[in-house]
Number of protein chains: 2
Amino acid sequence: MNRILSSELAGHVGATVRLAGWVHRRRQLKSVAFLILRDRAGLAQVVVGEAARESLADLPEETVVDLTGTAVANPAAPGGVEVVDPTWTVLSGAAEPLPFDVYRPELRAGLPTLLDAAPFALRNARQRAPFELAAAGVAGFRSTLDGLGFTEVHTPKLVGYATESGANVFGVDYFGRKAYLAQSPQFYKQAMVGVFERVYEVGPVFRAEPHDTARHLAEYTSLDAELGFVQDHRDVVRVIREVFAGMIGTMADRAGAALAAADLTLPDVPAELPTVHFADALDLVGRATGEDLTGEQDLAPAHERWLSAWAEREHGSEWLVVEGYPTAKRAFYTHPDPDRPGYSRGFDLLFRGLELISGAQRLHRYADYVDAITARGEDIAPYASYLEFFRHGMPPHGGFAIGLERFVARLTGAANVREVTLFPRDLHRLTP
Amino acid sequence: MNRILSSELAGHVGATVRLAGWVHRRRQLKSVAFLILRDRAGLAQVVVGEAARESLADLPEETVVDLTGTAVANPAAPGGVEVVDPTWTVLSGAAEPLPFDVYRPELRAGLPTLLDAAPFALRNARQRAPFELAAAGVAGFRSTLDGLGFTEVHTPKLVGYATESGANVFGVDYFGRKAYLAQSPQFYKQAMVGVFERVYEVGPVFRAEPHDTARHLAEYTSLDAELGFVQDHRDVVRVIREVFAGMIGTMADRAGAALAAADLTLPDVPAELPTVHFADALDLVGRATGEDLTGEQDLAPAHERWLSAWAEREHGSEWLVVEGYPTAKRAFYTHPDPDRPGYSRGFDLLFRGLELISGAQRLHRYADYVDAITARGEDIAPYASYLEFFRHGMPPHGGFAIGLERFVARLTGAANVREVTLFPRDLHRLTP
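Residues numbered from 1 in each chain as written. Chains lettered and ligands numbered in written order. Predicted model: local features only at pLDDT ≥ 70, side-chain atom pairs only at ≥ 80, totals over all residues. Heavy atoms only, no water.

### Thoughts on the overall build of chain A
Here's step 1: Within chain A, the regular secondary structure consists of 11 helices and 16 strands.
Here's step 2: Considered along the principal axes of its C-alpha atoms, chain A spans approximately 85 × 60 × 40 Å.
Here's step 3: Counting over 432 residues, chain A shows a buried share of 57%.
Here's step 4: Summed over its atoms, the accessible surface of chain A is roughly 16900 Å², and 48% of this surface lies on carbon and sulfur atoms. (Helix = DSSP H or I, 4+ residues; strand = E, 2+ residues; numbered from the N terminus. Buried < 20%, exposed > 50% of the residue type's maximum accessible area, 1.4 Å probe, protein only. Areas by Shrake-Rupley, 256 points an atom, 1.4 Å probe, with all protein chains shown as cover.)

### Let's talk about the pattern of salt bridges
All names here are of chain A.
Here's step 1: On inspection of all chains with the given rule, the structure shows 54 salt bridges over all chains.
Here's step 2: A salt bridge links E201 to K157, with the nearest nitrogen and oxygen atoms 3.0 Å apart. Taken together, the residues E201 in strand β10 (residues 198–206) and K157 in the loop between β6 (151–152) and β7 (158–159) connect sequence positions 44 residues apart.
Here's step 3: Look at E201 and you get buried, because its relative accessible area is 5%.
Here's step 4: For K157, a relative accessible area of 4% gives the class buried. (Salt bridge = Lys/Arg side-chain N within 4 Å of Asp/Glu carboxyl O.)

### Remarks on helix α7 (residues 278–289) of chain B
Residues and elements named next belong to chain B.
Here's step 1: With 12 residues, α7 extends 16 Å from end C-alpha to end C-alpha; this agrees with the ideal 16 Å at 1.5 Å per step.
Here's step 2: Every buried residue belonging to α7 is among F278, A279, A281, L282, V285 and G286, and all of these are buried. All buried residues of α7 lie within an arc of 160 degrees about the axis, which places them on one face of the element.
Here's step 3: Against β12 (275–277), α8 (301–315) and β13 (319–323) lie the buried residues of α7. (Expected span 1.5 Å × (residues − 1). Arc of directions from axis to C-beta. Contact = heavy atoms within 4.5 Å.)

### Describing the interface of chain B and chain A
Here's step 1: Counting from both sides, the interface comprises 92 residues of chain B and, opposite them, 92 residues of chain A.
Here's step 2: Here chain B and chain A share an interface that buries about 7600 Å² over both sides, 62% of which is from carbon and sulfur atoms.
Here's step 3: Viewed at the interface, chain A and chain B are joined by 10 salt bridges.
Here's step 4: One salt bridge connects R3 of chain B with E197 of chain A, and the closest N-O pair in it is separated by 3.0 Å. (Buried area = accessible area lost by both parts, 1.4 Å probe.)

### Side note on the sheet that holds strand β16 (residues 397–403) of chain B
Residues and elements named next belong to chain B.
Here's step 1: The strand order across the open sheet built from eight strands is β6-β10-β11-β16-β15-β14-β13-β12, with neighbouring strands paired in mixed fashion. Bordering the open sheet on either side are β6 (151–152) and β12, each of which pairs with just one other strand.
Here's step 2: Sheet topology note: the strand β15 (residues 354–362)/β16 ladder contains six bridges and is antiparallel. Bridge pairing in β16 places R362 opposite H397.
Here's step 3: Running over the sheet, helix α4 (residues 186–196) touches β6, β10 (198–206), β11 (219–228), β15 and β16 and is turned about 30 degrees from β11. (Pairing = 2+ DSSP bridges. Axes fitted to C-alpha atoms, helices over the stretch in contact; angles between N-to-C directions.)

### With respect to the sheet that holds β10 of chain A
Pairing between sheet strands relies on hydrogen bonds along the backbone, with the strands arranged either parallel or antiparallel.
Residue and element names in this part refer to chain A.
Here's step 1: In space, the eight strands of this open sheet follow the order β6-β10-β11-β16-β15-β14-β13-β12, with mixed pairing throughout. In this open sheet, the two edge strands, each paired with only one partner strand, are β6 and β12 (275–277).
Here's step 2: The pairing of strand β11 (residues 219–228) with strand β16 (residues 397–403) spans seven bridges and is antiparallel. Of the residues in β16, the one forming a bridge with E226 is G399.
Here's step 3: Seen against the sheet, helix α3 (residues 125–147) touches β6, β10, β11 and β16 and runs at an angle of roughly 155 degrees to β10.

### Topic: the pairing of strand β9 (residues 177–181) of chain A
All names here are of chain A.
Here's step 1: Two strands pair when backbone bridges link them, and β7 and β9 are joined in this way by two bridges, in the antiparallel orientation. Paired with L158 across the strands is L181, a residue of β9.
Here's step 2: With four bridges joining them, strand β8 (residues 171–174) and β9 adopt antiparallel strand pairing. If you follow V172 over to β9, its bridge partner there is A179.
Here's step 3: Between β8 and the antiparallel strand that follows it, β9, lie two residues; F175 among them carries a positive phi value of about 50 degrees.

### What about α3 of chain A?
Note: α-helices contain 3.6 residues per turn, so residues at a spacing of three or four share the same orientation.
Residues and elements named next belong to chain A.
Here's step 1: Relative to the 33 Å expected for 23 residues at 1.5 Å per residue, α3 spans 32 Å between its end C-alpha atoms, a close match to the ideal helical length.
Here's step 2: Its side-chain oxygen 3.0 Å from the backbone nitrogen of R126, N124 forms the N-cap of α3.
Here's step 3: Once α3 finishes, G149 follows within two positions and takes phi at roughly 85 degrees, a positive value. (Polar contact = N/O pair within 3.5 Å; in protein donor to acceptor, adjacent residues only side chain to side chain.)

### Focus on the domain arrangement of chain A
Here's step 1: Split into domains, chain A comes out as domain 1 (6–90) and domain 2 (119–420).
Here's step 2: Inter-centroid distance (C-alpha atoms) of domain 1 of chain A to domain 2 of chain A is 47 Å. (Domains from an automatic or database assignment.)

### A few points about the environment of Q186 of chain A
All names here are of chain A.
Here's step 1: In this structure, Q186 sits in helix α4 (residues 186–196).
Here's step 2: A relative accessible area of 5% means that Q186 is categorised as buried.
Here's step 3: Residues Q186 and E226, 40 residues apart in the sequence, show an inter-C-alpha distance of 8.7 Å.
Here's step 4: Looking at Q186, its side chain comes within polar contact range of the side chain of Q190, at 3.0 Å.

### Digging into the relation of the copies chain B and chain A
Here's step 1: Note on the copies: chain B fits chain A at an RMSD of 0.0 Å, the axial shift is 0.0 Å, and the rotation between them is 180 degrees. In the structure described here, the two chain copies are related by an operation that fits a two-fold rotation axis. Relative to the rotation axis, the closest C-alpha in chain B is found at V172 of chain B, a distance of 2.3 Å.
Here's step 2: When the interface residues of chain B are mapped onto chain A, 100% of them are again interface residues, pointing to one common binding face. (Least-squares fit on C-alpha atoms with pLDDT ≥ 70 in both.)

### Examining unusual backbone geometry
Here's step 1: A cis amide bond links T431 of chain A with the next residue in sequence, P432 of chain A, at an omega value of -5 degrees.
Here's step 2: By the element assignment, P432 of chain A lies in the segment after α11 (404–412).
Here's step 3: One non-glycine residue, D85 of chain B, adopts positive backbone phi at about 50 degrees.
Here's step 4: As for its position among the elements, D85 of chain B is in strand β5 (residues 81–90).

### So, the packing of aromatic side chains
Here's step 1: Under the defined criterion, the tally for this structure stands at 44 aromatic pairs over all chains.
Here's step 2: Judged by centre distance (5.3 Å) and plane angle (90 degrees), the rings of F229 of chain A and W22 of chain B are edge-to-face. Within this pair, whereas F229 of chain A is found in the loop between β11 and α5 (233–254), its partner W22 of chain B is found in strand β1 (residues 16–28), the two belonging to separate chains.
Here's step 3: These aromatic residues form a ring-pair network of at least three members: F187, F332, Y333, Y369, Y383, Y386, F389 and F390 of chain A.
Here's step 4: Positioned above the aromatic ring of Y366 of chain A, the side-chain terminus of R391 of chain A is 4.4 Å from the ring centre. (Phe/Tyr/Trp six-rings, centres within 6.5 Å; stacked < 30°, edge-to-face > 60°. Lys NZ or Arg CZ within 6 Å of the ring centre and 35° of its normal.)

### A word on the UniProt feature "site: Important for tRNA non-discrimination" (unreviewed entry) in chain A
All names here are of chain A.
Here's step 1: In the UniProt entry, the feature "site: Important for tRNA non-discrimination" (unreviewed entry) is given for P78.
Here's step 2: Position of P78 relative to the elements: it lies in the loop between β4 (64–73) and β5 (81–90).
Here's step 3: By relative accessible area, which is 51% here, P78 ends up exposed. (UniProt positions renumbered as here; feature names shortened; annotations may be inferred.)

What follows is the structure, encoded as structure tokens:
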């Protein structure tokens, strides 16, 4: 007999059914005993009769069983159906005890314990929910971009130069030479704009962050996109708006159970993301708080929070684009704003008080790159392989990157990004 | 005016249109000059009149232009439409010369030149085709598994132990400690079967292969899947059949232009993959070739080719599953065949004469792991973090991995896997 899922029980009332899953919980009441079975679709209530009752002692929670019984309607049972007269086989031996009870609505353990025991902690619906949201979100990212004519690429994570920022890069012993782990697919996705015009990549990026904070990871999943033939960075912002609408729409479609388990409401994405220039943003904050922000080159976290609250008040939006960041504070490949010297076509997207992603129009002319790098007092030699991309016809282009874990943390309200990372890597953590 | 794509010209006959793209080719005929413009959708023929003719000299091939003109019907033009009376702006300066002409049907350059200049070589439709097929194939992999109830996961590439095989692993300086680049997500995807039952991951894997061959890469894209509650490895094979049908179906749906450019016909996937036991496979080969294969523990490449040809003859299939490989030749986590001592529930899938993927049912009981590791004379200590997964209820499970580049190479007939890798990494190659 084929196994059915717990969610399919209602279609089999009166029939013999075969279920398989984990012993979620045993409940010994005075007159009856229940075995709650968990599978990937949910929970099933199994009524254990007097005769079999004692054998429940051999089925500690999390033991895997294959179970056959009769599905009967019972309005008092979850889903209106329960299984009676069960017989079962244990598939992998009695499960050994865990430092927490998986079946509790919220696990009673600290974060280090939960991370050490991630393969078991995530069996809890609430713990697992962020990962179901992440999977749906990534699917929405891809389908949105596929629909906009983007092509998925896979670029190398082993690179020959520690460009981009130079610092915080992991070194690799590469056949006796030195290689590095890519901090982003930035250069490669730009190169691929010259081939496909519009590209995206979902993959790991690596930062040797010596910071032990709730926001930093040594490895995370980056959702990168880059597109050619833009007028300016606002064409990039328009794609970002579509991407978040698609990600959140797919979460709503596919991850309803996770949303319920985590008790979450998804944010609305306005038809157009409200946008404010960096200079105006500083001005707004300065006037509201009385601070003198003249000459500031970046927004402090408190300013980002204030601006987010302002966007919520003024535009009814949890999202706010701050455009025109000072060129000096952005990566050398950021396109300057030709109409406002000192300001760039780089932007940040704030979401719920925090910078969620950065994006920009990039430089696309070889000579501009040489100028930008030398203006910063850097040598162009390490960039030779990268700069070559721009000598043979590269269109105006721009792009952005979303840190998957950071986004999911903001959505779920997780205080620590590690809560929404399957197996986080940081200064101290390299296992499991 | 908004830009349109070359593929949209037919809908704008008689109208002023704006195109943008690369100068694919200039053709100076006696009475007329043509500029062929390339964008992500294809080619557009632009007729350059007498007055503008000389200015074509400032538009070397691969220069990026933004062009406005009038679309007119002309049955002799590609697609039945051409653009006349053009005016244009150069977007990024005249392109510098490349070591090959992108516009030729086949590029006249050796593989090292093509790889060094990948961002330009791939502008050629035939060179680019494998990557369009790969993107469609990966989309098909995901949508097939999504439809079968799988969940996508992202597991760490930085790991604390060089398990799996021990050899050929890249070391990383991890905050003063030693870490390694994951050779596969094997252990993590198994752990996640305990959470989601069915998982997949698309991501990079790393092999410090000291072999300088046409098949080995130091980094490639692995399509991994793992599923719980299997009866045996044949449940895994059934999923593989669906996955390849989905991958190839999506290539047919989405990558028609690439198939035409590469002059390819996609293989049929039979409703059931023909399957032969390893012992019977040896017997078949031995009887056909007269070789004495008694006691052989693996198939030689020549044997794989013979078996593939046999499957084509006997079953009309380019695919053949060889199941029941000797336990001694498979990874320690492979489930033995309880009915045939010495043989396992591990299998290979042969495709067009070559092993394409390996898969297996895995062990799922803690004690079986301890026995399997100690039977090989290995210490269990380095596996402690992994073995922990199996102490708290793990269902019978199995899975497989597809090397994306290897599969695309077989599909396109590429002699070297580097031809179908954007930026290959090997013993000698770390740039671009």
